[in-house]
Amino acid sequence: MPIEIEMRARFGKETRDQLVDRLNTDGEDLGPDDKHIYFYVLPDQLLKVTDNTAAGTAKITLKGSKIGQGAAFAENEFAIAPTDVRAAVKVFNALGFEGAMHEASNLRHNFRFDGVEIAVKWSEAWGYHAEFEVLLDDDAPDAARAEAAAKITDVANELGVTLMTEQELAEFTAAFEAAEKERKERERQAAPIR
């Protein structure tokens, strides 16, 4: 199971445009990567069913922690057919995870810059943002993880992007989850009784 060292940044359109210009000039363009994702936010993990609309692929991913609980994410993932996305969502909902589910469309474009993969994204919940990632073997020592985190920080600084702290990520995701819970409750109360 690989380990992702992943850090995130949120910013406005001007910063996004400057970042994309720089990555187009000095980075490697890995192409568009738009996705429709069903997130299941569990107490200490994140489960995702991803329909990669740009690539015509799909997968199920279990991350060993949640955003805001550290930069290292152990991942188990396996491919499914895009036609099986709805069935996978139906299974997870039937298992009782429906209340923890959030659905999102991400417009994203992937780049590589100085050994760091960077997904420049837009979604309704996050606005303009980017994910900076280095992939390591699961048995990578702590020193390698620290080096990867330092590399991401250096790249973000060179690109003029301020990374979010783990505290900022935890607060942002907690606020999003609370707002989604309230929205779902309002929808449930407004639904006609059958």
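Residues numbered from 1 in each chain as written. Predicted model: local features only at pLDDT ≥ 70, side-chain atom pairs only at ≥ 80, totals over all residues. Heavy atoms only, no water.

Draft legend 1. Quick peek at the pattern of salt bridges. All told, the structure shown has 16 salt bridges when counted by the stated rule. Salt-bridge contacts for Arg108 lead to Asp33; the nearest nitrogen and oxygen are separated by 3.2 Å. Here Asp33 lies in the loop between β2 (28-32) and β3 (35-41) and Arg108 lies in strand β7 (residues 101-113), a separation of 75 residues in the sequence. You'll find Arg108 and Asp33 in the same group, each marked buried. With its nearest N and O atoms 3.0 Å apart, the salt bridge here joins Lys63 to Glu75. Pair noted here: Lys63 is in strand β5 (residues 57-63) and Glu75 is in strand β6 (residues 72-80), with a separation of twelve residues, a long-range link. Each member of the salt-bridge network shares a partner with another, and the members are Glu4, Glu6, Arg8, Lys63, Glu75, Lys121 and Glu131. (Salt bridge = Lys/Arg side-chain N within 4 Å of Asp/Glu carboxyl O. Helix = DSSP H or I, 4+ residues; strand = E, 2+ residues; numbered from the N terminus. Buried < 20%, exposed > 50% of the residue type's maximum accessible area, 1.4 Å probe, protein only.)

Draft legend 2. Highlighting unusual backbone geometry. Even without glycine at this site, Asp114 takes up a positive phi of about 50 degrees. Within the secondary structure, Asp114 sits in the loop between β7 and β8 (116-123). For Asp114, a relative accessible area of 47% translates into the label partly exposed.

Draft legend 3. Expanded view of the side chain of Lys48. As for its placement among the helices and strands, Lys48 is situated in strand β4 (residues 46-52). Of the side chains with opposite charge, Glu75 lies nearest to the buried Lys48, which makes no salt bridge, at 5.3 Å. Leave out the neighbours within four places in its chain, and Lys48 touches Ile37, Tyr38, Phe39, Lys59, Ile60, Thr61 and Lys63. (Lys, Arg positive; Asp, Glu negative; His and termini not counted. Contact = heavy atoms within 4.5 Å.)

Draft legend 4. Local environment of the nonpolar core. Leu19, Leu23, Ile118, Phe132, Ile152 and Leu159 are the most contacted members of the largest nonpolar core, which totals 26 residues. Put simply, the parts of the chain that give this core at least two residues each are β1 (3-10), α1 (13-26), β7, β8, β9 (127-136) and α3 (142-158). When near neighbours in sequence (up to four residues on either side) are disregarded, Ile118 contacts Leu23, His109, Asn110, Phe111, Phe113, Ala130, Glu131, Phe132, Val155 and Leu159. (Core = buried A, V, L, I, M, F, W, Y, C linked by side-chain atoms within 4.5 Å.)

Draft legend 5. Local environment of the pairing of β6. Pairing of β1 with β6 involves three bridges; the strand directions are antiparallel. The residue bridging Ile5 from the neighbouring strand is Ala72, located in β6. (Pairing = 2+ DSSP bridges.)

Draft legend 6. Just the environment of Phe132, in detail. By the secondary structure assignment, Phe132 is in strand β9. Taking the C-alpha atoms as reference points, Phe132 and Leu163, separated by 31 residues in sequence, lie 9.0 Å from one another.

Draft legend 7. Quick look at helix α4 (residues 166-190). Under the 1.5 Å per step criterion, the end-to-end length of α4 is 36 Å for 25 residues, consistent within 8% with the ideal 36 Å. Those residues of α4 that sit buried are Leu169, Phe172, Thr173 and Glu180. Along its buried surface, α4 packs onto β1 and β7. (Expected span 1.5 Å × (residues − 1).)

Draft legend 8. Up close: the packing of aromatic side chains. With the rule as written, the count across this model stands at four aromatic pairs. Judged by centre distance (6.4 Å) and plane angle (45 degrees), the rings of Phe92 and Phe97 are tilted. Among the residues examined, Phe92 registers a relative accessible area of 14% and is labelled buried. Of the residues examined, Phe97 reaches a relative accessible area of 27% and is grouped as partly exposed. Considering the side-chain rings of Trp126 and Phe172, the 4.5 Å spacing of their centres and the 50 degrees angle between planes classify their relative orientation as tilted. Placement of Trp126 in the loop between β8 and β9 and of Phe172 in helix α4 is noted, with a sequence separation of 46 residues between them. Each member of the pair, Trp126 as well as Phe172, carries the same accessibility label: buried. Site record: aromatic cluster; members linked through ring pairs are Tyr40, Phe92 and Phe97. Stacked on the ring of Trp126, the Lys or Arg Arg8 has its end atom at 5.2 Å from the ring centre. (Phe/Tyr/Trp six-rings, centres within 6.5 Å; stacked < 30°, edge-to-face > 60°. Lys NZ or Arg CZ within 6 Å of the ring centre and 35° of its normal.)

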